[in-house]
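Listed here are the chains, written in short residue letters.
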Amino acid sequence: MPSYNSHLSRRAFGGAVGATAAAAAVGLGAGPAAASDTARTDPGERPFRAARDRRSRRPNILFILGDDLGWADLSSYGSPHIKTPNLDRLARQGVRFTDAYSGSATCSPTRFSLYTGRYPGRTEGGLAEPIADKSAGLAPTHPTLASLLRSSGYATALIGKWHCGYLPDYSPTKSGWDEFFGNFGGALEYYSKLGLGGEYDLYEGDAEYKDLRYYTRILTERASEYVSRDHHGKPWLLNLNFTTPHWPWIADGDTAVSAEIERRIKAGDARALWHQDGGSVEKYKQMVEDLDRSVGEVLKALARSGQEEDTLVFFSSDNGGERFSHNWPLSGNKASLQEGGIRVPNIVRWPARIDGGQVSRVPVFTPDWTATLLELAGTRPDPAHPLDGVSLAGYLLRGEKTAERDLFWRVRGERALRRGDWKYYRGKGGKDQLFNLAGDIREQADKAALEPARLAQLRAAWEKVDAGLLPYPG
């Protein structure tokens, strides 16, 4: 496989420009060194330590999102009943982050934060929590992870759930992705592909694509085909956005349940896809384990392609779990800024540069990964749209200490900010609360009365960031 960016060095940074210079800064250049694949089982997992003296080409990037998958829904994160051997193996081969967060508490704002590297409240489309109609979307003029990587020589594709606006105004192909195959809306029935408004919602590019098989199977096939391609010497970005395990609660083979929901949608039942009269813990388990098998199939295709060593694989969820998710010991779930709504699994594997069997307790959130991937790809952000995330490239590759900073969240009626182990939170009841997550991950011991000065500092920090964001309409 040809090298994308060979024989760069840090010294080259001073005399080079663009992608070459930025790539040199993170040590992308010489041939990849073999990375260890140390088996890990708790408590054998070791604290993260960067493997500093390695060089590599610019990585391919396979960024995988589950949908409404809770922090503890993987067996490697503590699920007592869901078995996820493929994702557990991915964690053993890379780094598992324990204190990782989504950019928001629902689907589309988090996707905005990933694609732009900024708080959702920086853009009008990001104010919808989540997008539910054609009035909002990610403006095609806004630089994205995909458009910036494409400008530096990457092939780009998005397979699966977009949920950042509808045609004709919004589409992945208008925002930097060369290819798109998937659904535009926030949910769809897994067989008929009918969306929340009763519309058919499976597209290739901007044209409808007919395939009435189980959706997760289709996405898995498409992604496996993509990672198996010869990209003619170009590195590539694939955003693989599964809808699993988002409602409706339909596992592969549940054709009778599928037919009933399809019937209700066509009869005008606007709530049919919410499936509030269906599902179970067992059905949810089936869906998560199917997601795990699907990820495993894509990773096997990647290994067969010979590109595994030079591909950075990232797995996470767009927000916390929902009705049947196993979130213990966290409080809250999707749509809340309590830990259960925003703390998510994060796994990173890059054999050429990062050793396996490691765990990191550094607090990170979605926009950080945007900044990180841009730096690893040798791409600079658009100065007119400064990032809110902080690149972790120095931490992951050179062992640099992560910068001290605040993690900020805002949704309608709730606010939250994390600084170190301390978290400031105000829920819909309007009460300011303060928690020390180091000893109270469940957010039950409110320290606000004991630490009034700290509470005031964190509240002021939250309000300073909020003052620079767009106000909610209405």
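You'll find the structure just up there.
Residues numbered from 1 in each chain as written. Predicted model: local features only at pLDDT ≥ 70, side-chain atom pairs only at ≥ 80, totals over all residues. Heavy atoms only, no water.

Asker: Honestly, the layout of surface pockets in this entry has me stumped. Any pointers?
Answerer: Gaps left between atoms show up when a probe the size of a water molecule is rolled over them. The volume enclosed by the largest pocket comes to roughly 390 Å³. If you trace the largest pocket, you find 21 residues lining it, with Val 362, Thr 402, Ala 403, Glu 404 and Arg 405 closest to the centre. For the lining of the largest pocket, the elements supplying multiple residues, two or more each, are α10 (393-398), β14 (406-411) and β15 (414-419). Within the lining of the largest pocket, the residues separate by chemical class into 8 nonpolar, 4 polar and 9 charged. Space inside the second largest pocket adds up to approximately 240 Å³. Every residue lining the second largest pocket is counted, 14 residues in all, and those nearest its centre are Pro 130, Leu 196, Trp 247, Trp 274 and Lys 334. Its residues placed into classes, the lining of the second largest pocket shows 8 nonpolar, 4 polar and 2 charged. (1 Å grid on protein atoms, 1.4 Å probe; cavity = no way out; pocket = protein on both sides within 12 Å on 5 of 7 lines; lining within 4 Å. Points joined across faces, edges and corners; volume = space filled by probe spheres on them. Helix = DSSP H or I, 4+ residues; strand = E, 2+ residues; numbered from the N terminus. Nonpolar A, V, L, I, M, F, W, Y, C, P; charged D, E, K, R; others polar.)

Asker: Any chance you could explain the sheet that holds strand β10 (residues 311-317) here in plain terms?
Answerer: Sheets are built from strands paired through backbone hydrogen bonds, the pairs being either parallel or antiparallel. In space, the 11 strands of this open sheet follow the order β1-β12-β3-β11-β10-β2-β9-β5-β6-β7-β8, with mixed pairing throughout. Unpaired on one side and paired on the other, β1 (46-47) and β8 (207-208) mark the two borders of the sheet. Judged from the 2 bridges that link them, β1 and strand β12 (residues 358-360) form a sheet pairing that is parallel. If you follow Pro 47 over to β12, its bridge partner there is Val 359. Helix α7 (residues 281-304) contacts β2 (60-66), β9 (236-241), β10 and β11 (346-349) of the sheet and is inclined by roughly 170° relative to β10. (Pairing = 2+ DSSP bridges. Contact = heavy atoms within 4.5 Å. Axes fitted to C-alpha atoms, helices over the stretch in contact; angles between N-to-C directions.)

Asker: Quick question: what am I supposed to make of the packing of helix α2 (residues 85-92) against α7 here?
Answerer: Geometrically, a packed helix pair is captured by the angle between its two axes and the distance between the axes. Direction vectors running N to C along α2 and α7 enclose 55°, while the axes themselves pass 7 Å from each other. The angle between α2 and α7 places the two elements in the oblique class. Within the contact between the two elements, α2 uses Pro 85, Asn 86, Leu 87 and Leu 90 and α7 uses Asp 292, Arg 293, Val 295, Gly 296 and Leu 299. Grouping the amino acids of the contact of α2 with α7 by side-chain chemistry returns 5 nonpolar, 2 polar and 2 charged. (Parallel < 35°, antiparallel > 145°, perpendicular 65-115°, else oblique.)

Asker: Which parts of the structure should I look at to understand the packing of aromatic side chains?
Answerer: Pairs of aromatic rings are described using the distance from one ring centre to the other and the angle between the two planes. Per the counting criterion, the structure on display carries 22 aromatic pairs. A ring pair is formed by Trp 71 and Tyr 77, whose centres lie 6.0 Å apart and whose planes are at 70°; its orientation type is edge-to-face. Residues Trp 71 and Tyr 77 agree in their burial class; the two are buried. A ring pair is formed by Tyr 190 and Tyr 214, whose centres lie 5.2 Å apart and whose planes are at 15°; its orientation type is stacked. One end of the pair, Tyr 190, is in the loop between β6 (179-183) and β7 (203-204); the other, Tyr 214, is in the loop between β8 and α5 (215-227), and 24 residues separate them in sequence. By relative accessible area, Tyr 214 is classed as buried at 2%. In textbook terms, an aromatic cluster arises when at least three aromatic residues are bridged by ring pairs, as seen for Tyr 101, Tyr 119, Phe 365, Phe 408, Trp 409 and Trp 462. In this structure, Arg 410 packs its charged tip against the face of Tyr 472, placed 4.4 Å from the ring centre. (Phe/Tyr/Trp six-rings, centres within 6.5 Å; stacked < 30°, edge-to-face > 60°. Buried < 20%, exposed > 50% of the residue type's maximum accessible area, 1.4 Å probe, protein only. Lys NZ or Arg CZ within 6 Å of the ring centre and 35° of its normal.)

Asker: Can you walk me through the packing of α5 against α7 in this structure?
Answerer: Running from N to C, α5 and α7 cross one another at 20°; their axes reach a closest spacing of 8 Å. One finds that α5 runs roughly parallel with respect to α7. At the point where α5 passes α7, the crossing takes the right-handed sense. Residues Thr 216, Arg 217, Thr 220, Ala 223, Ser 224 and Val 227 of α5 touch α7, and the partners they reach there are Asp 290, Ser 294, Glu 297, Val 298, Ala 301 and Leu 302. Residues of the contact of α5 with α7, tallied by class, amount to 5 nonpolar, 4 polar and 3 charged. (Left-handed = near helix turned anticlockwise from the far one by under 90°.)

Asker: What exactly am I supposed to notice about empty space enclosed by the protein here?
Answerer: Inspection of every chain in the model, using the stated rule, returns 2 cavities of 30 Å³ or more. Here the largest cavity defines a volume of roughly 90 Å³. Around the largest cavity, the lining comprises 14 residues; the ones closest to its centre are Tyr 119, Pro 120, Gly 121, Glu 129 and Arg 410. Of the residues forming the lining of the largest cavity, the biggest block, 3 residues, is contributed by β14. Tallied by class, residues from the lining of the largest cavity come to 8 nonpolar, 4 polar and 2 charged. What the second largest cavity holds in volume is close to 70 Å³. Residue lining of the second largest cavity: 13 residues in total, with Leu 65, Phe 314, Ser 316, Ser 317 and Thr 366 positioned closest to the centre. Put simply, the parts of the chain that give the lining of the second largest cavity at least two residues each are β2, α3 (107-116), β10 and α9 (366-376). In terms of residue count, the dominant contributor to the lining of the second largest cavity is β10 (3 residues).

Asker: How should I be thinking about the state of the cysteines in this particular structure?
Answerer: The bond known as a disulfide is covalent and runs between the sulfur atoms of two cysteines. Following the criterion strictly, the structure yields 0 disulfides and no others. In this structure Cys 107 is not part of a disulfide, and its nearest cysteine sulfur, from Cys 164, lies 10 Å away. Assessed through its relative accessible area of 2%, Cys 107 is described here as buried. (Disulfide = S-S within 2.5 Å.)

Asker: I'm lost on unusual backbone geometry in this one. Help?
Answerer: Glycine aside, the phi torsion of most residues is negative, and most peptide linkages are trans. With an omega of 0°, the peptide bond between Glu 129 and Pro 130 qualifies as cis. Inspection of the secondary structure assignment puts Pro 130 in the loop between α3 and α4 (145-151). Note the cis peptide between Trp 328 and Pro 329, where omega equals 10°. With respect to the secondary-structure elements, Pro 329 resides in the loop between β10 and α8 (339-342). Of note, Lys 193 is a non-glycine position whose phi angle comes to about 65°, a positive value. Topologically, Lys 193 is positioned in the loop between β6 and β7. Since its relative accessible area comes to 0%, Lys 193 is described here as buried. Unusually for a residue other than glycine, His 275 sits at a positive phi of about 50°. By the secondary structure assignment, His 275 is in the loop between α6 (255-266) and α7.

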